[in-house]
Amino acid sequence: MIRPFGIDEILFIVAAVQWTLALSAIAFAGGAIGGLVVALARVSQVRALRYLALGYVRLFQGTPLLMQLFLVYFGLNIFGAGINPWLAASLALTLHASAFLGEIWRGCIEAVPSGQSEASWALGLGYVDRMKSIVLPQAAKIAVAPTVGFLVQLIKGTSLASIIGFVELTRAGQIINNATFVPFKVFGLVAILYFVLCWPLSLLARWMERRFAVATRR
Amino acid sequence: MSNTSPEGRADSAHMPAVTMEGVEKYYGTFHALKHIDLTVARGEKIVVCGPSGSGKSTLIRCVNQLEAVQEGRIVVDGIELTAGPKNVEQVRRDVGMVFQQFNLFPHMTVLRNCMLALMKVRGIARDEAEATARRFLERVKIPEQAEKYPAQLSGGQQQRVAIARALCMNPKIMLFDEPTSALDPEMVKEVLDTMIDLAREGMTMMVVTHEMGFARQVADRVIFMDRGEIVEIAGPTEFFGNPRHERTRTFLGQITGH
Amino acid sequence: MDYQLKFAPVFDNFGHLLSGLLVTLELSFGAMLLGTLVAIVCAAGKTGGPRPVRWIIDVYIEVIRNTPFLIQIFFIFFGLPALGIRFSPNTAALVALTVNVGAYATEIIRAGIESIQKGQVEAGTALGLKPVQIFRYIIVKPALRTVYPALTSQFIYLMLTSSVVSVISATDLAAAGNDIQSQTFASFEVYLVITAMYLVLSIAFSGLFSLVERMAFNYPLSR
Ligand SMILES: Nc1ncnc2c1ncn2[C@@H]1O[C@H](COP(=O)(O)OP(=O)(O)O)[C@@H](O)[C@H]1O
Ligand SMILES: [Mg+2]
């Protein structure tokens, strides 16, 4: 039975934006925590930690997000957590975001002039104080623009969760398309919605990057 | 006004190499060249000097239209530059240019730097282009560097390659924009010597430089520019011995006396 | 966990995996090559083209960069037939990947072009070369060299992204995995092996790229 592509169908797709946003938010929050751990491990004084974190980053940056989703999805099942798209998508995207944010933030930490670090050695600050009150606040300033940039990548990445049956924007589009058979309009609408989510963030990231570049040139 | 076409230059022996009449050049609202009238004879060597920002580069860059002018007429070797893009193409083939920063192509060997325009602009076959390139590298006394890349050469060597590269195109006029300013002092002489040789062979040259020794030895006339104007133009003996304008005297005092 | 991993069914179907791998390689290298061409043209258009051309290229770049690849490939494979443009799955995959990487590579290559000093162009102009010749003979190679690391990481990302084409039943490595897992139900094991294969691919790609770098950009840089 072919349905027309009417206002209900459009609303169904638009409403699915909330699940894309929810999944992005979860992955971003989880990825922020994981990313901080990865970043700190990458610049740690402990060699084993550094290599462990490097291996983690290489693994997640060297394999497709889709495979990461599949492995978590089927892996959770093996571990007895059953088939759960919500859990699988959240976990996989969190692990994924942790690697990418970790690598971005490592770069930012390393971009903090080492003199700052040495000055804080001289002040007799311990590792935790040094990181917390000197290095990280400065790294954070550098990190904002690329982090927003990654957020765009993450939002786009959540579309792959549709493949393991998580109903978000892309999956909603597929469902409507299967009922209405007007793919040009359906996927056009879905594309516009993603664009509306991502474009402002891209512009923001670019604007902040430029502003930061100007600030550091002085 | 006669619109001289590339074909119509049978009488070229008597024609000036460069004629500029009432040339005005603006960068946006900034008036960079103010009413320039200048005629350069065939085989003449002109040295252009003046303070930084006075329009020296702009002046010689108008001759091969690296800069377009807003008013006035420029005729190069009988071809009216200001009369259309075809003429600009023709003029660029006949005018060689050497820059302060050498501007060699870093990804090509010295030989390829010299061959590129021969092959792509003149349409000359590879073998012949290579032979020509080697001949001119010989002339600037670095035939042994032919297979090297620009980054492997000293500044003086690079500038001589740049001269050879321009000469390969068999230009009728050579433009030099501060060719020795970016060089370490010990390399200035080798480049100036190359230019002096070229002058002896009768090349028409317009040279922006502060090498006053070169000017005395080679120049037929020296131009002093300030704030976009040609302030003074005279033979070197008169120019250095008895400059007429106060601004020229001040300038010469600054660069010679210390 | 009392689950026993069973890799036997995966390796029984290794031939199938290899043919999928071949398609993944074809798609990756095809899109790299075509995408770079698209990008060079677009980057040239963005730096030197007339205003409407620059505007169109900007729209292309922004649309691609701000929508998911999955939607792009759906649009190309399912949506374009409405306009009478119909592709086989593998062709649609190649087109989608090319369009996608072309947009990212345009921005990268444009940055490379902008890093070229003005004097290079002036020297070419003074020698009588035409703008197209200047671009082709003087700008492209040094520009590509400057941005080579950024460009090749984008290519590796492209190869990983290509796993998504399995959703339109293109016959790439990931699709081979889907086939095998639906027959054997050893889903986790199948995807584990395939993930490992992608990892090996990305390592191999970066090795290959640095080899190419050493061969293609063998001229020294001035200090
Ligand atoms: N592309 C340009 N845009 C705007 N102003 C320019 C440009 N090129 C040169 N100028 C200005 O024109 C004046 C003359 O420049 P130039 O001919 O390079 O001087 P010179 O070679 O005597 O140092 C300077 O004030 C310079 O700032
Ligand atoms: Mg100058």
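If you're wondering where the values come from, they're calculated on a predicted model, not measured in any experiment. (Residues numbered from 1 in each chain as written. Chains lettered and ligands numbered in written order. Predicted model: local features only at pLDDT ≥ 70, side-chain atom pairs only at ≥ 80, totals over all residues. Heavy atoms only, no water.)

A. Structural view of the UniProt feature "domain: ABC transporter" (unreviewed entry) in chain B. The feature "domain: ABC transporter" (unreviewed entry), as annotated in UniProt, sits at residues 18-252 of chain B in this numbering. The span residues 18-252 of chain B carries 40% helix and 26% strand; its end-to-end C-alpha distance comes to 26 Å. (UniProt positions renumbered as here; feature names shortened; annotations may be inferred. Helix = DSSP H or I, 4+ residues; strand = E, 2+ residues; numbered from the N terminus.)

B. Expanded view of the confidence of the model for chain B. With 94% of its residues at a pLDDT of at least 70, chain B reaches an overall mean of 92. Predicted confidence for residues 1-10 of chain B stays below pLDDT 50, and this span has 17 contacts to residues more than four positions away or in other chains. (pLDDT = per-residue confidence, 0-100. Contact = heavy atoms within 4.5 Å.)

C. Representation of the site of ligand 1 within the structure. All names here are of chain B. Around ligand 1 lies a shell formed by Tyr27, Phe30, Pro51, Ser52, Gly53, Ser54, Gly55, Lys56, Ser57 and Thr58. Contact distances for ligand 1 include 3.2 Å between an oxygen atom and a backbone N or O atom of serine 54. Protein contacts shield 59% of the accessible area of ligand 1, which totals 560 Å² for the unbound molecule. Among the elements that line the shell around ligand 1, the one with the most residues is helix α1 (residues 56-63), at 3 residues. Within the shell around ligand 1, the residues separate by chemical class into 3 nonpolar, 6 polar and 1 charged. (Near = heavy atom within 4 Å. Polar contact = N/O pair within 3.5 Å; in protein donor to acceptor, adjacent residues only side chain to side chain. Areas by Shrake-Rupley, 256 points an atom, 1.4 Å probe, with all protein chains shown as cover. Nonpolar A, V, L, I, M, F, W, Y, C, P; charged D, E, K, R; others polar.)

D. Inspection of the UniProt feature "transmembrane region" (unreviewed entry) in chain C at higher detail. All names here are of chain C. The UniProt feature table records "transmembrane region" (unreviewed entry) at residues 20-45, 66-87, 155-176 and 188-212. For the annotated span residues 20-45, helix accounts for 100% and strand for 0% of the residues, and the straight-line distance between the end C-alpha atoms is 36 Å. With 50% helix and 0% strand, residues 155-176 has its two end C-alpha atoms placed 22 Å apart.

E. Representation of the interface of chain B and chain C within the structure. At the interface, 23 residues of chain B touch 22 residues of chain C. Our count for the contact surface shared by chain B and chain C stands at 1 salt bridge. We note a salt bridge from glutamate 122 of chain C to arginine 61 of chain B, for which the minimum N-O separation is 2.7 Å. Applying the counting rule to chain B against chain C returns 6 residue pairs in polar contact (both at pLDDT 80 or more). (Salt bridge = Lys/Arg side-chain N within 4 Å of Asp/Glu carboxyl O.)

F. Spotlight on the pairing of strand β4 (residues 71-76) of chain B. All names here are of chain B. Sheet analysis places strand β1 (residues 18-27) next to β4, joined by 5 bridges and oriented antiparallel. In the strand pairing of β4, methionine 20 is matched with isoleucine 74. Bridging between β4 and strand β5 (residues 79-80) involves 2 bridges; their strand directions are antiparallel. Paired with valine 75 across the two strands is glutamate 80, which belongs to β5. Joining the antiparallel neighbours β4 and β5 is a turn of 2 residues, in which aspartate 77 adopts a positive phi near 55°. (Pairing = 2+ DSSP bridges.)

G. Region of the structure containing the sheet that holds strand β6 (residues 95-98) of chain B. All names here are of chain B. Read across the sheet, 6 strands follow the order β6-β7-β8-β3-β9-β10 without closing on themselves; strand pairing throughout is mixed. Edge positions in the sheet fall to β6 and β10 (229-234), since each has one partner strand and no second. Between one strand axis and the next, the sheet turns through 20° on average, direction left out of account. Sheet topology note: the strand β3 (residues 45-49)/strand β9 (residues 221-226) ladder contains 4 bridges and is parallel. Within β9, the position partnered with valine 47 by the bridge is valine 222. Of the strands in this sheet, β6 and β7 (173-177) touch helix α2 (residues 85-94), which is tilted by about 65° from β6. (Axes fitted to C-alpha atoms, helices over the stretch in contact; angles between N-to-C directions.)

H. Region of interest: the arrangement of the chains. With 2 pairs of chains in contact overall, the greatest share of contacts is found between chains A and C. Taking C-alpha atoms only, the smallest gap left between chain A and chain B, which are not in contact, amounts to 25 Å.

I. Local environment of the packing of aromatic side chains. Scanning all chains against the criterion turns up 23 aromatic pairs over all chains. When the ring of tyrosine 73 of chain A is compared with that of phenylalanine 74 of chain A, the centres are 5.0 Å apart and the planes differ by 75°; the resulting orientation is edge-to-face. Accessibility assignment for this pair places tyrosine 73 of chain A and phenylalanine 74 of chain A in one class, buried. One aromatic cluster in this structure is built from Phe70, Tyr73 and Phe74 of chain A together with Tyr191 of chain C. The positively charged end of arginine 216 of chain B is found above the aromatic ring belonging to phenylalanine 240 of chain B, 4.4 Å away from the centroid. The ring centre of tyrosine 219 of chain C lies 4.5 Å from the NZ or CZ of arginine 145 of chain C, which sits over that ring. (Phe/Tyr/Trp six-rings, centres within 6.5 Å; stacked < 30°, edge-to-face > 60°. Buried < 20%, exposed > 50% of the residue type's maximum accessible area, 1.4 Å probe, protein only. Lys NZ or Arg CZ within 6 Å of the ring centre and 35° of its normal.)

J. The arrangement of the sheet that holds β5 of chain B in detail. Residues and elements named next belong to chain B. Taken together, 4 strands build an open sheet; the order of strands is β2-β1-β4-β5 and the sheet is antiparallel. The open sheet is flanked by β2 (30-40) and β5, the only strands paired with a single partner. Relative to β2, β1 runs antiparallel, the two being bridged by 7 bridges. Each bridged residue has a counterpart across the sheet, and for valine 18 the counterpart in β2 is valine 40. Contacting β1, β2 and β4, α1 runs over the sheet at an angle of about 120° to β1.

K. Looking closely at the UniProt feature "domain: ABC transmembrane type-1" (unreviewed entry) in chain C. Under the UniProt annotation, "domain: ABC transmembrane type-1" (unreviewed entry) lies at residues 17-209 of chain C. Strand forms 0% of residues 17-209 of chain C and helix 82%; the C-alpha atoms that close the span are 24 Å apart.

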